[in-house]
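Chain by chain, the residues run as shown.
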Amino acid sequence: QFDAWESLRDHAWREFEEKSSVKWRLSFGIWAALLASSGALIAAGGTAAATIRQHVTLCAVVLVAFVVLVHGAFLYWIQTKLQGARTYLDEAHAEMRKLLKASNQSHERSIWKQLPMYAEFVITLSVAGLFLVVFNYL
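What counts as what
- Residues numbered from 1 in each chain as written.
- Predicted model: local features only at pLDDT ≥ 70, side-chain atom pairs only at ≥ 80, totals over all residues.
- Heavy atoms only, no water.
- Helix = DSSP H or I, 4+ residues; strand = E, 2+ residues; numbered from the N terminus.
- Contact = heavy atoms within 4.5 Å.
- Salt bridge = Lys/Arg side-chain N within 4 Å of Asp/Glu carboxyl O.
- Buried < 20%, exposed > 50% of the residue type's maximum accessible area, 1.4 Å probe, protein only.

*Asks:* For the environment of Ser38, give the residues involved together with the corresponding values.
*Replies:* Of note, Ser38 is situated in helix α1 (residues 2-99). Taking the C-alpha atoms as reference points, Ser38 and Val127, separated by 89 residues in sequence, lie 9.2 Å from one another. Excluding residues within four positions of it along the chain, Ser38 makes contact with Leu130, Phe131 and Val134.

See the structure below:
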């Protein structure tokens, strides 16, 4: 029985790591795209940016708002999936501890208490804000 629970725990851990890795890769990709766009605007210089700004300011704001909202929704969704993996991990640990006659440790984890999710979202907001500042003031 212990080996079966250990196998379940290992599977839940791999699932957690894979989802967490995808979450960070997507976040890094979004940040890199926004920063690269800001860098391209800076490199284009003031006149080119002014010409671009006249035509697409509303599109830029809508696009950035869309990216921020989609990223926020993705972060919430992936945290619900990570929460499922955490539940399996906790269950497997509890059952393994029972088999070993060790005291049980219970962890209540809420999706809303996951600080990395907030940190990623704040970074996304900051980078998106930086893009808009560069876009509007060059």
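On we go from here.
*Asks:* How would you explain the pattern of salt bridges if you had to name every residue and give the values?
*Replies:* Across all of its chains, the model carries five salt bridges by this definition. Two residues, Asp10 and Arg9, come together in a salt bridge whose shortest N-O distance is 3.1 Å. On the accessibility criterion, Asp10 (28% relative accessible area) is partly exposed. With a shortest N-O distance of 2.7 Å, Lys19 and Glu15 are connected by a salt bridge. Residue Lys19 and its partner Glu15 are both found in helix α1; the two are separated by four residues, about one turn of the helix. For Lys19, a relative accessible area of 22% translates into the label partly exposed. Judged by relative accessible area, Glu15 falls into the partly exposed class, the value being 22%. Where salt bridges share partners, they join Glu6, Arg9 and Asp10 into one cluster.

*Asks:* Can you break down unusual backbone geometry residue by residue, with the values?
*Replies:* With a phi angle near 60°, Lys101 is a residue other than glycine that sits in the positive phi range. With respect to the helices and strands, Lys101 occurs in the loop between α1 and α2 (115-137). Assessed through its relative accessible area of 75%, Lys101 is described here as exposed.

Purely geometric stuff here, so don't read any function into it on its own.
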